[in-house]
Amino acid sequence: ARERILTDGFVKVPASRLPWRSVNHRALAAAAATLMQHGWNPSWLLMYDEAWAVARELSDLVEAATGNRLNFDALCWHVDPRDARPTAFSPHRDRQPDDSPATFRPDGTAMYATAWVPLTDAHAENSCLHFIPRDADPGYYDGDDDDPDADADPLQLCLPNKEAYQHITAVPAETGSAVL
């Protein structure tokens, strides 16, 4: 996992390789759907121990693969193409400090990493994550220019022509897998 992160900037770890002991992904998914049905954001799941069991049981893998300990900055989403008010994000970069190169260690690992655990199967038809691999993303290390007057849209820099679209990588993820 660490090598894939260094090479590609991301990795998917299959559910079968994860040490889930107390996490009931389907119960958490049902709770997120219930929250949404009642007009609540699914991040309210974080009020309960069951949601934090995901972080606890994933923490050793995250540290081994990324060198980062969990900081418990957590969010929950309910993503469904039928959602009238989706809670997911448009294309973005999770880490965008003013001095991006300073957020990398000498070995090339980032000092900030995100772990995503789908509570239901996520595929291209219902919103799996998509990435632009590290070597095809000019802003991965250098960061993006957030100046609203700049002509440097991060997606346009990564995808300057139709041939570059081949770099977009869909990462389908089964229930209980993890994408770092």
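Residue positions within a chain follow its written sequence, with the count starting from 1. This being a predicted model, a pLDDT of at least 70 is required before a residue's local features are given, and a value of 80 or more before pairs of side-chain atoms are given or counted; all residues contribute to the totals for chains, interfaces and linings. Excluded from the side-chain calculations are hydrogens and water; all other atoms, namely the structure's heavy atoms, are used.

### What to know about the pattern of salt bridges
(1) Moving on: Here a salt bridge means any side-chain nitrogen of Lys or Arg lying within 4 Å of a carboxyl oxygen belonging to Asp or Glu. Counted according to the given criterion, the structure contains four salt bridges.
(2) Moving on: A salt bridge links D107 to R2; its shortest N-O distance comes to 3.2 Å. Of this pair, D107 sits in the loop between α3 (49–66) and β2 (129–131) while R2 sits in helix α1 (residues 2–8), and the two are 105 residues apart along the sequence.
(3) Moving on: The rule is simple: take the accessible area with a 1.4 Å probe, protein chains only, and divide by the maximum for that residue type; under 20% is buried, over 50% is exposed, in between is partly exposed. Under the relative-accessibility criterion, D107 is labelled partly exposed at 42%.
(4) Moving on: Between E57 and R56 there is a salt bridge, and its shortest N-O distance comes to 3.4 Å.
(5) Moving on: Given the relative accessible area of 4%, E57 is considered buried. Each helix is a run of DSSP H or I of at least 4 residues and each strand a run of E of at least 2, with the numbering of both proceeding from the N terminus.

### Remarks on the packing of aromatic side chains
(1) Moving on: Only rings of Phe, Tyr and Trp enter the pairing, Trp through its six-membered ring, and a pair is recorded when the two centres are within 6.5 Å. The plane angle decides the type: under 30 degrees is stacked, over 60 is edge-to-face, the rest tilted. Considering all chains together, one arrives at five aromatic pairs under this definition.
(2) Moving on: Judged by centre distance (5.9 Å) and plane angle (55 degrees), the ring pair of W52 and F72 falls under tilted. Residue W52 is found in helix α3, and its partner F72 is found in the loop between α3 and β2; the two are separated by 20 residues along the sequence.
(3) Moving on: A residue is classified by how much of its surface remains accessible, and W52, at 27% relative accessible area, is partly exposed.
(4) Moving on: Ring geometry for F104 versus Y140: centroids 5.6 Å apart, planes at 50 degrees, classification tilted. Of this pair, F104 sits in the loop between α3 and β2 while Y140 is found in helix α4 (residues 139–142), placing the two residues 36 residues apart along the sequence. For the residue pair F104 and Y140, the accessibility class agrees, reading buried in each case.
(5) Moving on: Three or more aromatic residues link up through ring pairs in this structure, and these residues are F104, Y140 and Y141.

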